[in-house]
Amino acid sequence: MQVMGPARDKSIRNAKAHVIKTVKQTIADHHMLSYGDSVLIALSGGPDSTVLAHVLHSLADEYGLRLAVAHLNHQLRDEESDRDAD
C-alpha cells in the first residue's frame, strides 16, 4: 500500500530532518567542518552523492560554507552515467 497525500509529505519531511540531524551530528562528532570552510563535493549523479550535495547545500548558510561541485563519471551505468554527466 502506497502512502499518499499529507501523510506521505510528513513522512518525507521527517526523513529529511532525520538525515540532516544525522549529518550535523557526524560533522560535530568528527570535527569535519569549521565555519567558513570551502567544500568540494564529488558528485557522480548517484543517489548517495546527490543527497550529500542537497544536504550540504541545506547546511551551507548555517556553517558559512562555500560549496563547489566536481562531477565524477564512474562509467558504471553506461548511457545512464553519460546522462548524469550531461
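Residues numbered from 1 in each chain as written. Predicted model: local features only at pLDDT ≥ 70, side-chain atom pairs only at ≥ 80, totals over all residues. Heavy atoms only, no water.

1. Digging into the nonpolar core
The test is simple: In this text, buried Ala, Val, Leu, Ile, Met, Phe, Trp, Tyr and Cys residues form a nonpolar core when linked through side-chain atoms within 4.5 Å. We call a residue buried when its accessible area falls under 20% of the maximum for its residue type, exposed when it is over 50%, and partly exposed in between, using a 1.4 Å probe and counting protein chains only. Only DSSP runs of H or I covering at least 4 residues are called helices, and only runs of E covering at least 2 are called strands; the numbering of each starts at the N terminus. A contact between two residues is defined here by any heavy atoms of the two lying within 4.5 Å.
I27, V39, I41, L43, A53, V55, L56, L59, A60, Y63 and L65 form the largest nonpolar core, which has 11 residues in total. Only β1 (38-43) and α2 (47-63) provide two or more residues apiece to this core. Examining the composition of this core, we find that 6 residues originate from one element, α2, more than from any other. If we ignore the near neighbours within four places in the chain, the residues touching I41 are L52, A53, L56, L67, A68, V69 and A70.

2. Looking at the packing of helix α1 (residues 5-29) against α2
The cut-off we apply is this: Between the N-to-C directions of two axes lies an angle of 0 to 180 degrees, each axis being a line fitted to C-alpha atoms and, for a helix, fitted only over the stretch in contact. When an angle is under 35 degrees it counts as roughly parallel; over 145 it counts as roughly antiparallel; between 65 and 115 it counts as roughly perpendicular; any other value is oblique. By definition, turning the near helix anticlockwise from the far helix through less than a right angle yields a left-handed crossing, and turning it clockwise yields a right-handed one.
Across the interface, α1 lies against α2 with an axial gap of 11 Å and an inter-helix angle of 65°. When the interaxial angle is binned, α1 and α2 end up roughly perpendicular. Taken as a pair, α1 and α2 cross one another with a handedness that is right-handed. Only V51, V55, S58, L59, E62 and Y63 of α2 make contact with α1, whose side of the interface consists of V19, I20, V23, K24 and I27.

3. A closer look at the side chain of S44
Where we set the bar: By the criterion applied in these results, polar contacts are pairs of N or O atoms within 3.5 Å in which, for protein atoms, one can donate a hydrogen and the other can accept it, and in which residues neighboring in sequence qualify only through two side-chain atoms.
Relative to the helices and strands, S44 is located in the loop between β1 and α2. Overall, S44 belongs to the buried group, its relative accessible area being 16%. Polar contacts involving the side chain of S44 include one to the main-chain amide nitrogen of G46, which spans 3.2 Å. Contact partners of S44, with chain neighbours within four places excluded, come to S49, H71, L72, H74, R77 and D84.

4. Digging into a negative patch on the surface
Threshold: Grouping into patches uses exposed residues only, defined as over 30% relative accessible area, and leaves out salt-bridged ones; the cut-off is 9 Å for like charges and 5 Å for nonpolar side chains (Val, Leu, Ile, Met, Phe, Trp, Tyr). A 1.4 Å probe and the Shrake-Rupley method give the accessible areas. Residues count as covered only by the protein chains that appear here. By definition, a salt bridge exists where a carboxyl oxygen of Asp or Glu is found within 4 Å of a side-chain nitrogen of Lys or Arg. Residues scored as charged are limited to Lys and Arg (positive) and Asp and Glu (negative), so that His and the chain ends carry no count. Where a charge sits is defined by one atom per residue type, namely NZ (Lys), CZ (Arg), CG (Asp) or CD (Glu).
Residues D78, E79, D82 and D86 make up a contiguous surface patch of negative charge. Along the chain, E79 falls in helix α3 (residues 79-85).

5. Here's the deal with the side chain of S49
The topology assignment puts S49 in helix α2. Ignoring sequence-local partners within four residues, the contact set of S49 consists of A42, L43 and S44.

6. Some remarks on the pairing of strand β2 (residues 66-71)
To keep things clear, this is the line we draw: In this description, strands pair whenever DSSP reports at least two bridges between them. When the strands point away from the viewer, a crossover counts as right-handed if the path from the first strand over the helix to the second runs clockwise.
Sheet topology places β1 next to β2; 6 bridges connect them, and they run parallel. The partner of L40 across the bridge, within β2, is A68. One crossover worth recording links β1 to the parallel β2 by way of α2, and it is right-handed.

In short, shape yes, function no, at least from these values alone.
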